[in-house]
Amino acid sequence: MYHKTLDAFPEKFLWGAASAAYQVEGAWDKDGKGPSIWDDFVKIPGKTFEGTDGEVAVDHYGHYKEDVALMKKMGLKAYRFSVAWSRIIPDGDGEVNQAGLDFYEALVDELIENQVEPVLTLYHWDLPQALQERYGGWESRKTVAAFKKYCQALFERLGKKVKYWVTMNEQNVFISLGYRWAAHPPAVTDVKRMYAASHIVNLANAEAIKLFRKMVPEGLIGPSFGYGPMYPLTADPQDVLAAENGEAFNNDWWLSVYCFGKYPKFVMKQLKQLEIAPEVTAEDAKLLASVKPDFLGINYYHGGTAKTNRIEAPIEEEKEFSKTDPYLMQPKEEQAVSPEVPMFNSVANPYLEKTDWGWEIDPVGFRVALRRIQARYDLPIFITENGLGAIDQLTADKKVHDQYRIDYLEKHLVELRKAITDGVEIIGYCAWSFTDLLSWLNGYKKRYGFVYIDRDEHEERSLERIPKDSFYWYQKVIQENGRNLQ
Ligand code: BGP
């Protein structure tokens, strides 16, 4: 579509920023919090960059008032944060810990008082360790019941104050990294178990939405999915087919369940043939079909490019896979032969530049993604993450000149505005992230925030909050409601 002029951003557009509990809070065992699977996983040597963990993180737990004051200064309209399940129910499915609920209620109150809309994520990867040990985590249906209980405690306490709720953050990422690549907990490499666990998470997602309808009738709820559009490398129909396979496995497999309440035909048939399909009972199918989200949360960083498929045409010159970033890892030998991996050869896109961590930078792909999602699933979209991970330098006079981040965000927001003009329905946009925070696997070297935090991998230092240039840039974008983004 081409437009002579671009539509304005909607009047009540939620200009936001995001975070996740484990990455910002610290206070890992304060006020009755139980350990999560991340508290244990980071202790395995070699799993995280220089052994970093979230025990202190950027101590948002102790600094939340200061952080919200900065949000107010910026004029932020929405703040997306996640709740640590093991603060609310320390052992996963036992007693509810009132002190945990008190913390999030205080945070929500502080946000509301400062005119920042809270957007609450129920699950951003930090499963209570007790559930992993007792039931095998997401491989057990007992974890679904535990999740329901946890959701109930939050809906009860915060259902009247929080309008926007996110169920699962990037199920596609935590399931793939946790069960295929062993790069996230529980560090498994088994695709059959991966699909089985994913099915359990789908059930938990559905149960949470079902309960939400009863308990929070005025609220809006949906999952956040890490979407990356797949491109064919060329117009060779084999490449086009490979890209279709990529879309089917990487995206539609997950999104169809959320949006249509059932697994898509092609992938399910293939998985059955390969004997790695999850077991779906008649009751499961009924549950999945009985719920629909109000919106789709979309986290957008980059897409992928496909060439033929590995089974019929293995190629040598594959995309340069990173050795340290599991999001870009090359399948190990035994995993490469795992039958559903090789449906498409992943290659680098020759038109795109990359970040310092090898992620392709593709603002137009953002518009492509939004168009595809709207066309296929026809739900309002909430951008729940988008941002640039980079190495920032603090100058002697305490400034961070992150023009590269401003450029990145600006280009993506222009494409977002074009997508809105095309007709995509967008509720809001949360940049990742508000403050600097712990990158799950990349420590504090890879920074995303509008606000610099004085700490690194080795030292906590002062934890001082220092607005970067991008902070003032975003402040102006919000003031102008994006008028000058074109
Ligand atoms: C998303 C996660 C976020 C955040 C972001 C950046 O997948 O939902 O929690 O981590 O990616 O990731 P990274 O820090 O690895 O660059």
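Fair warning: this is a prediction, and the values are worked out from it, not measured in the lab. (Residues numbered from 1 in each chain as written. Predicted model: local features only at pLDDT ≥ 70, side-chain atom pairs only at ≥ 80, totals over all residues. Heavy atoms only, no water.)

Draft legend 1. Just the overall build of the protein, in detail. Within the protein, the secondary structure is distributed over 16 helices and 15 strands. Here the C-alpha coordinates of the protein stretch approximately 55 × 55 × 45 Å along the principal axes. Residues classed as buried in the protein amount to 63% of the 486 residues present. The long-range share in the protein, meaning contacts at least 24 apart out of those at least 6 apart in sequence, stands at 78%. Element-wise, carbon and sulfur atoms account for 51% of the exposed surface of the protein, whose accessible area totals about 19,600 Å². One way to put it: in the protein the 58 positive side-chain charges average out to a point 4 Å from where the 72 negative ones average out. (Helix = DSSP H or I, 4+ residues; strand = E, 2+ residues; numbered from the N terminus. Buried < 20%, exposed > 50% of the residue type's maximum accessible area, 1.4 Å probe, protein only. Contact = heavy atoms within 4.5 Å. Areas by Shrake-Rupley, 256 points an atom, 1.4 Å probe, with all protein chains shown as cover. Lys, Arg positive; Asp, Glu negative; His and termini not counted. Charge placed at Lys NZ, Arg CZ, Asp CG, Glu CD.)

Draft legend 2. Seen up close, the packing of helix H10 (residues 237-260) against helix H14 (residues 363-377). Packing of H10 against H14 brings their axes to within 11 Å, and their N-to-C directions diverge by 45°. Taken together, the axis directions place H10 and H14 in an arrangement best described as oblique. Note that H10 runs across H14; the crossing there is right-handed. Seen from H10, the contacting residues are Glu247, Asp252, Leu255, Ser256, Cys259 and Phe260; seen from H14, they are Arg372, Arg376 and Tyr377. (Axes fitted to C-alpha atoms, helices over the stretch in contact; angles between N-to-C directions. Parallel < 35°, antiparallel > 145°, perpendicular 65-115°, else oblique. Left-handed = near helix turned anticlockwise from the far one by under 90°.)

Draft legend 3. Spatial organisation of the packing of aromatic side chains. Tallying each qualifying case throughout the model produces 38 aromatic pairs. Each ring, one from Trp38 and one from Phe41, has its centre 5.1 Å from the other, and the planes form 75°; the classification is edge-to-face. Taken as a pair, Trp38 and Phe41 lie in helix H2 (residues 37-41) at a separation of three residues, close to a single helical turn. Each of the two residues, Trp38 as well as Phe41, counts as buried. Among the aromatic side chains, those forming a connected cluster through ring pairs are Phe9, Phe13, Trp15, Phe450, Trp473 and Tyr474. For Lys43, the ring lying beneath its charged end belongs to Trp28, and the centroid distance is 5.7 Å. One residue, Arg134, lies across the ring of Tyr135, its end atom 5.4 Å from the ring centre. (Phe/Tyr/Trp six-rings, centres within 6.5 Å; stacked < 30°, edge-to-face > 60°. Lys NZ or Arg CZ within 6 Å of the ring centre and 35° of its normal.)

Draft legend 4. Examining the pairing of strand E7 (residues 296-299) more closely. Here E7 shows no split at all, with Leu296 and Ile298 on one side and Gly297 and Asn299 on the other all buried. Relative to E7, strand E5 (residues 220-226) runs parallel, the two sharing three bridges. Considered in E7, the bridge of Ser224 is made with Gly297. Taken together, the four bridges between E7 and strand E12 (residues 381-385) define a ladder with parallel strand orientation. (Pairing = 2+ DSSP bridges.)

Draft legend 5. Spotlight on helix H12 (residues 282-289). Of all the residues in H12, the buried ones are Asp284, Leu287 and Leu288. All buried residues of H12 fall inside an arc of 95° around its axis, so they share one side. Projecting away from the buried face of H12 at angles above 90 degrees are the exposed residues Ala282, Glu283, Lys286 and Ala289. In this structure, the buried side of H12 is in contact with helix H9 (191-215) and H10. (Arc of directions from axis to C-beta.)

Draft legend 6. Main features of the site of the ligand. Within the structure, the ligand sits among 16 residues, and Gln23, Glu170, Ser439, Lys446 and Tyr448 are positioned closest to it. Relative to its free-state accessible area of 380 Å², the ligand is covered by the protein chains to the extent of 99%. Tallied by class, residues from the shell around the ligand come to seven nonpolar, six polar and three charged. (Near = heavy atom within 4 Å. Nonpolar A, V, L, I, M, F, W, Y, C, P; charged D, E, K, R; others polar.)

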